[in-house]
Amino acid sequence: MPSRTSLALALAIMAVSGWGVFSALDWPWKAKLFPLVIGIPLFCLAAAEALWAIFSKQDAAAAADFKLSEGLERDVVLRRTALAAGWIIAFFVLIVLVGFPIAVPLLVFVYLKVQGRESWLFSVIFTAVVWALFYGLFDLLLHLHFPDGWLLSWSSGG
Amino acid sequence: MKWKLALIAALAVLPLVAAAQPNFAGKTVTVVVGYKPGGGYDATARLLARHLPDHLPGKPTVIVQNMPGGNSIIAANHMYNVAKPDGLTIGTFNRNLPIAQLTRVQGVKYDMTKFAWIGSAANEATILAIRNDLPYKNFDELRRAKEQVVIGSTGPGANTHDFPLLLKDLLGLKLKIVSGYSSSADIMLAIERKEVDGRAGSYTSLKPFIDRKLVRPIVRARSTEAGLEQLPIDESFAPTPRAKAIMALRSAPEVIARPYVLPPGTPADIVKVYRDAFAATIKDPATVADANKAQFDLDYTSGEEAVRILKEVLSQPKDIVDEFSKYIKFGE
Amino acid sequence: MLEALLEGLLLVLQWKPFAFMLAGIGIGFWVGLLPGIGGATTLALMLPFIYNMQPVEAFAFLLGMHSVVATTGDVTSILFGVPGEATTAAIILDGHAMAKKGEAGRALGAALASSLVGALIGAAALALAIPIVRPLVLTFGSPELFMLAIVGLAFIASLSAQGARGMVRGFLAGGLGLFLAMVGQDPQAGIARFTLDTLYLWQGLDLVPVLVGLFAIPEIIDLVVRGTSIAGDAPVGRVSRGALEGVKDVFRHFWLTIRCSLIGTFIGITPGLGGAVAQWMAYGHATQSARTPEERKGFGQGDVRGVIGPGAACNSKEGGALIPTIAFGVPGSTSMAILRGGFFLLGLVPGPDMLTKHLPLTFSLVWTIVLANVITVAACFLLLNRLTALTAVQGHLLVPVILVLVFIGSYTSNSSYADIVVTIVFGAVGYFMVVAGWPRAPLVLGLVLGKIAENYLYISVARYDAGWLTRPVVLVLLAIAVGVILYPAIQAWRARRRHA
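Residues numbered from 1 in each chain as written. Chains lettered and ligands numbered in written order. Predicted model: local features only at pLDDT ≥ 70, side-chain atom pairs only at ≥ 80, totals over all residues.

1. Focus on the overall build of chain A
Item 1. A count of helical and extended segments in chain A gives 6 helices and 0 strands.
Item 2. Secondary structure elements in chain A, listed N-terminal to C-terminal, are α-α-α-α-α-α.
Item 3. The proportion of buried residues among the 158 residues of chain A is 28%.
Item 4. If you take every contact in chain A between residues at least 6 apart in sequence, the share linking residues at least 24 apart comes to 59%. (Helix = DSSP H or I, 4+ residues; strand = E, 2+ residues; numbered from the N terminus. Buried ≥ 20, exposed ≤ 12 C-beta atoms within 10 Å, placed from the backbone. Contact = placed C-beta atoms within 7 Å.)

This is the structure we're talking about:
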C-alpha cells in the first residue's frame, strides 16, 4: 500500500513538474529560470522514485513523520477514511451553501448524532455551547465577518 | 385653526422626511480592504473606521474586513458584483485598479466609473529618493551622472518599480533597477547597507528616512504634498508628448490614492451621506491627531473629482495604452 | 545602559502596563490555541485599542499578546496535531506522537520549559545585541540572505529518512515545495506563473491554509478511523509527573535547547527569512543529535528532542525579530509589521532613536517578553491537567470542533472560500504523503524558502554580478550548508564504522 501510494505521488509530481516546465518555456528568461532549475530535477527525482516503487521489493525506511495508526483491518480503515473525507467535504459544501453561522452548529449536531451516536440532549447542549463560543469569539469579540451562503443570497434576491 | 392644520400636516410629513434620511442606527458598516492587515490601505481604513461613526447618522459600528488577493482585484470584484448597494458595505483597494481595467488585465470584473464613488481619503506624492552621501544633489546632476545609480524595487506594478522605470526608459536616466525585495522597508535596509542607492515610493513612507537624513528626494511625479512643491516633476522633462502622456497616465491614480467606493447602484442620498461623512471625518481634529501620530496625511478628494479623473484615464487612445503596456505591468 | 535596563523593568512593573500586559496575555493565550487564527490578524484587530494608551502600556499589551501566541500554539500542536500557528507546525511531528502514546504531559512540559528558555535567550539576545545590532544586521546583505535560504533548504537532508531512497523522497517533497513557491506573479518580469488563470493564485499560495491542510486533515482523518480518543488506549498517566519529566528533559538536553534557541534568535534577527523557517531548522538540527540510525528513526515517533528544538526556536525568534523592527523599522514578519504600525501610532519612529533616546522603552519591551512568557508558562503548567485531559476525550466529540476551528482558521486570513479549498487539497496531499511514507517537513521548507531564495539570488546577481560569491560570510554559509547536507551521510558512515 505505501509503495503504490508512493508510486501515485511520484507520477503526480512528474505530471505537475512536466506541466510546469512546459508552461515555463514561453516566458522571458528571468521568469523561467527558477521554474526550470527546480522543475527539471524534480521530474527526474520523481521518475527515479516511480521506478523504485515499481521495481523494488523492499519499502524504503519511512520518514521522520507522523504515522497513521496501525492495528485495524484494511476494509475498516478504508471505509472510515472515506467517511472522514466525506464529512470534511460535506462541511465545506454546507458552508458554501448556508454560510458559517448556520453550517457550524448544523455540522456539530449532525456529526454528534450520526457519527458519534450521542443522545439528543447531549448533542443539543454540546452544539449550543460550541455555537455560543463561536458566536462570542468570532462575531462579538473579533468582529470577523462571515458571508451568508449561496442559498440565502438567492432567496433574498441578492 | 389654520396653524393646527399646518401642525398636523407637518407632523404627518415628518416621519416621511425622517425615513428619507438614511440612518444607520444599530447597524454595522463593513469596510472591505483589498489588502492584508498592516499595510497603508489597511491602516487608513482602520483609522477611518474609528472616527467615521461620529459623522454617520445613527452612529453605526464600523468594522474592517480584509479581503486580499489578486492585488485587490478580488476585493473590487466583490464590491462590484456581490456587495449589496444598501450603504452597509464600502470598499477600498489598490489605486492602480483603473490601470488594470485600462490594460485589460485578466480577471477584472468591474468598471471603475460605475462604482458609486465616495472619494479618496488621501493624495499620494511619489518621489525618487537617493542616498544622501551620493554626489548627486539634485535632478540635473542625476541626469548628468556618468555612473549607474542602483535603485531597489519590489516588483512590476508597484510605484517603487514603475516610477524609476519610466525615468530610465523615457528620460534616459542612468538607473539600474534591482527588483525582488519583499517590501519597501527591506529596500531601506539595503540602502543603509549600500547595496542599493535609492528607492522610489510614496512620500509618506519615505519621510521618516528623509528626516533622518538617510536619503534625499530628487524628483517627483505630478501629485504633490506639503514640502515637495519645489521638486522637479518628471513629466516636465519628457522629450515627446507621448512620453509625457505615459508618465501622466502612470501618475493619474495618485490623486485618488486611497479610493473609497460604494457598490454600483447605491441610492444617491446614501452616497451623499457618505461623501459628507468622509469629508467631515477627515477634517475632524481627532482624526487629524491620530493621522499625525501615524505619520500619514489625509486629504479628501470628492467622488465627482475621482470619477472625472477616472474617465480621463479610461478614455486614453489605444496607441498610448499599447505603448504604456510595454513599460508598465499591473502588479503589486 | 544598566540604568536603562532597570528603568525598563520598572516601567513594566507599574500597575497599568502590567494590567495591560495581563490582558494581552489573556487574549494571546486563546489566539495561539485556536488553529489558523494568526497572531498577526489579532494584532491588527487590537491596534485600534491602543490609540489612547501610553507607549509603555500599549507595547505591554501588544507584546504580551504576541509573545505567548507561540507558546500556546505549541499546546494545540501537541495535543491535537493541528498547527496552532504557522510557526508551531514542526512540534507536531514528535509532540503529537507523544500525546498519542499517552505522554502528553511530558511533551507539554518539555515544550513549555523549552519555550521559556528560548524566550529568555531571545530576550537576552535582544538586550545584549543592542550595542552591536546595527553592524550585525547590516552585514547581512542579499547574497548572505540567499545563502541562508540555501542553508535552510539544506536541512531537508536532515528531515528526510536515511538512505538514498529516503533522501530522494525528502528532496522530492522539498522540490515540490519550492515549485509551489513559484506560484504567483514574479517580481522580475511580472508574469503570472502557474496561476491556473485564477486571481486567487496571483499572489501565491498562502502558508496558513496549506499548513493547516497538510497537518490537520490527516490527523482528523486518523482520529475518525481510530474511533478512539487522541491518547487511544495508552494510559494518560500521572500528568504532573509527566510534565516534570518533560521539564527535566529540557535540562538533560540543555545544550541542544541552547543551540536551538540561538538558531531561532538568529533567524529572527535576519529580516527577510520569515518566522516559519526557524522551527524546521531547529527540528532538523535536533534530529542531527541522534547518535545512531535507530535513534534517528525514533524521531517522528515521539522523541522529546523533537519537541524541545522547535519549542525553543519558536519563542527565541520573537526576541530576535524585534531587533530589526526596533533598530531599523524593518519588520522580520507580518506580526512585526503590525507592531511597527503600533510604533507609528504612538508617535515613535523605529530606528537609531529607539536605541539611544528611548532605550528604557526598548528595554521595557525586553522585560515584557520575559515576564509574559514566565506568566504564560506558569499558567499553562497550572492548567496542564485540564489540557491533557482533552487527550482522553472521545474522538467524535473533538472532530467536529477541530474541523470547525480548522475551517474558520483557514477562511479568516483572506476572507476567501478558496483558502478552504486549498486546505482540503493539501489535506489530501498530506494524507497521501503520510501513507506513502514521505516526509512533509521538506515541503513546508521549500514553500517558505522558495521565493526568498529566488528573489535574493536575482538581487545578488543584478547588483554584484558574480562578485557576491566570494564574500566572506557567503562562503562561510556555503560551507555550513554543505556540512548540513552531508551530516546524515557522515553520521551513517561513522555508525557503520563503529559496528564494523
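Moving on from the coordinates now.
2. Considerations on the overall build of chain C
Item 1. What chain C contains, in helices and strands, is 22 helices and 2 strands.
Item 2. Taken over the C-alpha trace, chain C has a radius of gyration of 22 Å; the compact-globule value for 500 residues is 23 Å, and the two agree within 12%.
Item 3. Across the 500 residues in chain C, those meeting the buried criterion constitute 70%. (Rg over C-alpha atoms; globule rule 2.2 N^0.38 Å.)

3. Re the domain arrangement of chain A
Item 1. Domain boundaries assigned for chain A yield domain 1 (2-55) and domain 2 (74-154).
Item 2. Distance between the C-alpha centres of domain 1 of chain A and domain 2 of chain A: 38 Å. (Domains from an automatic or database assignment.)

4. Side note on the nonpolar core
Residues and elements named next belong to chain C.
Item 1. Ranked by size, the top nonpolar core spans 315 residues in total, and within it Leu108, Ala149 and Ile220 carry the most contacts.
Item 2. At 16 residues, the largest contribution of residues to this core is made by helix α6 (residues 104-129).
Item 3. In this structure, alanine 149 is in contact with Leu273, Leu449, Ile452, Ala453 and Tyr456, ignoring residues within four places of it in sequence. (Core = buried A, V, L, I, M, F, W, Y, C linked by C-beta atoms within 7 Å.)

5. A word on the sheet that holds strand β1 (residues 28-33) of chain B
Residue and element names in this part refer to chain B.
Item 1. An order of β2-β1-β3-β10-β4-β11 is seen for the 6 strands of this open sheet, with the pairing classed as mixed. Of all the strands in the sheet, the pair left with one neighbour each is β2 (61-66) and β11 (301-302).
Item 2. In the sheet, strand β3 (residues 89-92) pairs with strand β10 (residues 259-262) via 2 bridges, with the strands oriented antiparallel. Directly across from threonine 92, in β10, lies its bridge partner tyrosine 260.
Item 3. Strand contacts of helix α12 (residues 303-314): β4 (116-120), β10 and β11, with the helix running at about 100 degrees to β4, the strand carrying the most contacts. (Pairing = 2+ DSSP bridges. Axes fitted to C-alpha atoms, helices over the stretch in contact; angles between N-to-C directions.)

6. As for the interface of chain A and chain C
Item 1. On the side of chain C, 62 residues touch chain A, which itself brings 59 residues to the contact.
Item 2. For the side of chain A that touches chain C, the secondary structure elements donating two or more residues are α1 (2-24), α2 (29-55), α3 (74-98), α4 (100-115) and α5 (120-141) of chain A.
Item 3. When residues of the side of chain A that touches chain C are assigned to their parent elements, the largest contribution, 13 residues, is made by α2 of chain A.
Item 4. A per-class count over the side of chain A that touches chain C returns 44 nonpolar, 11 polar and 4 charged. (Nonpolar A, V, L, I, M, F, W, Y, C, P; charged D, E, K, R; others polar.)

7. With respect to the pairing of strand β7 (residues 175-179) of chain B
All names here are of chain B.
Item 1. Across the 5 residues of β7, 4 count as buried, placing the element largely inside the fold.
Item 2. Taken together, the 5 bridges between strand β6 (residues 149-153) and β7 define a ladder with parallel strand orientation. Of the residues in β7, the one forming a bridge with serine 153 is serine 179.
Item 3. The β-α-β motif built from β6, the intervening helix α6 (residues 159-171) and the parallel element β7 has right-handed crossover chirality. (Right-handed = clockwise from strand over helix to strand, strands pointing away.)

8. A look at the packing of helix α4 (residues 55-80) of chain C against helix α5 (residues 90-100) of chain C
All names here are of chain C.
Item 1. The geometry of α4 relative to α5 is characterised by a closest axis approach of 6 Å and an angle of 55 degrees between their N-to-C directions. Classified by the interaxial angle, the pair formed by α4 and α5 is oblique. Crossing handedness for the pair α4 and α5: right-handed. Across the interface between the two elements, Asp74, Ser77, Ile78 and Leu79 from α4 touch Ile91, Ile92, Gly95, His96 and Ala99 from α5.
Item 2. Class assignment of the residues belonging to the contact of α4 with α5 gives a composition of 5 nonpolar, 3 polar and 1 charged. (Parallel < 35°, antiparallel > 145°, perpendicular 65-115°, else oblique. Left-handed = near helix turned anticlockwise from the far one by under 90°.)

9. So, helix α18 (residues 359-389) of chain C
Item 1. Between the first and last C-alpha of α18 of chain C there are 45 Å, a value that for 31 residues agrees with the 45 Å anticipated at 1.5 Å per step.
Item 2. At leucine 383 of chain C, α18 of chain C shows its maximal bend, which comes to roughly 60 degrees. (Expected span 1.5 Å × (residues − 1). Bend = angle between axes of the 7 residues up to and from the residue.)

10. Re unusual backbone geometry
Residues and elements named next belong to chain B.
Item 1. If you check the backbone angles, serine 72 has positive phi at about 70 degrees while not being a glycine.
Item 2. With respect to the element layout, serine 72 can be found in the loop between β2 and α3 (73-82).
Item 3. What makes serine 72 buried here is the crowd of 28 C-beta atoms within 10 Å.
Item 4. Positioned with a positive phi, lysine 213 is a non-glycine residue whose angle comes to about 65 degrees.
Item 5. By secondary structure assignment, the location of lysine 213 is in the loop between α8 (203-211) and β9 (215-220).
Item 6. For lysine 213, a count of 9 C-beta atoms within 10 Å gives the class exposed.

11. Side note on the packing of α6 of chain B against helix α9 (residues 241-251) of chain B
Residue and element names in this part refer to chain B.
Item 1. Contact geometry of α6 with α9 gives a least axis separation of 11 Å together with a crossing angle of 175 degrees. Put simply, α6 runs roughly antiparallel to α9. Contacts between α6 and α9 pair Asp162, Leu166 and Leu170 from the former with Ala243, Ile246, Met247 and Arg250 from the latter.

12. Let's talk about the environment of isoleucine 230 of chain C
Residues and elements named next belong to chain C.
Item 1. For isoleucine 230, the position within the fold is in the loop between α10 (207-226) and α11 (239-252).
Item 2. Looking at isoleucine 230, the number of C-beta atoms within 10 Å reads 26, which means it is buried.
Item 3. Taking the C-alpha atoms as reference, isoleucine 230 lies 6.4 Å from alanine 392; in sequence the two are 162 residues apart.
Item 4. Residue contacts for isoleucine 230: discarding those within four places in its chain leaves Leu79, Phe80, Ala99, Lys100, Leu223 and Thr391.

13. A word on the environment of valine 114 of chain A
Item 1. You can see valine 114 of chain A is positioned in helix α4.
Item 2. When the C-alpha atoms of valine 114 of chain A and valine 76 of chain A are compared, they prove to be 18 Å apart, with 38 residues separating the residues in sequence.

14. Focus on the confidence of the model for chain C
Residues and elements named next belong to chain C.
Item 1. The pLDDT averaged across chain C works out to 83; a share of 95% of its residues lies at or above 70.
Item 2. Per-element confidence in chain C ranges from a low mean pLDDT of 69 for helix α3 (residues 39-46) to a high of 91 for helix α20 (residues 417-436).
Item 3. The ipTM value of the predicted complex is 0.88, and its pTM value is 0.85. (pLDDT = per-residue confidence, 0-100.)

15. A few points about α12 of chain B
Residue and element names in this part refer to chain B.
Item 1. With 12 residues, α12 extends 16 Å between its outermost C-alpha atoms, agreeing within 8% with the 16 Å of an ideal straight helix rising 1.5 Å per residue.
Item 2. Considered for burial, the residues of α12 that qualify are Gly303, Ala306, Leu310 and Val313. The buried residues of α12 occupy an angular sector of 80 degrees when projected down its axis, which confines them to one face. Seen from the buried face of α12, the exposed residues on the opposite side, beyond 90 degrees, are Glu304 and Lys311.
Item 3. Against α4 (97-102), β4, α9, β10, α10 (268-283) and β11 lie the buried residues of α12. (Arc of directions from axis to C-beta.)

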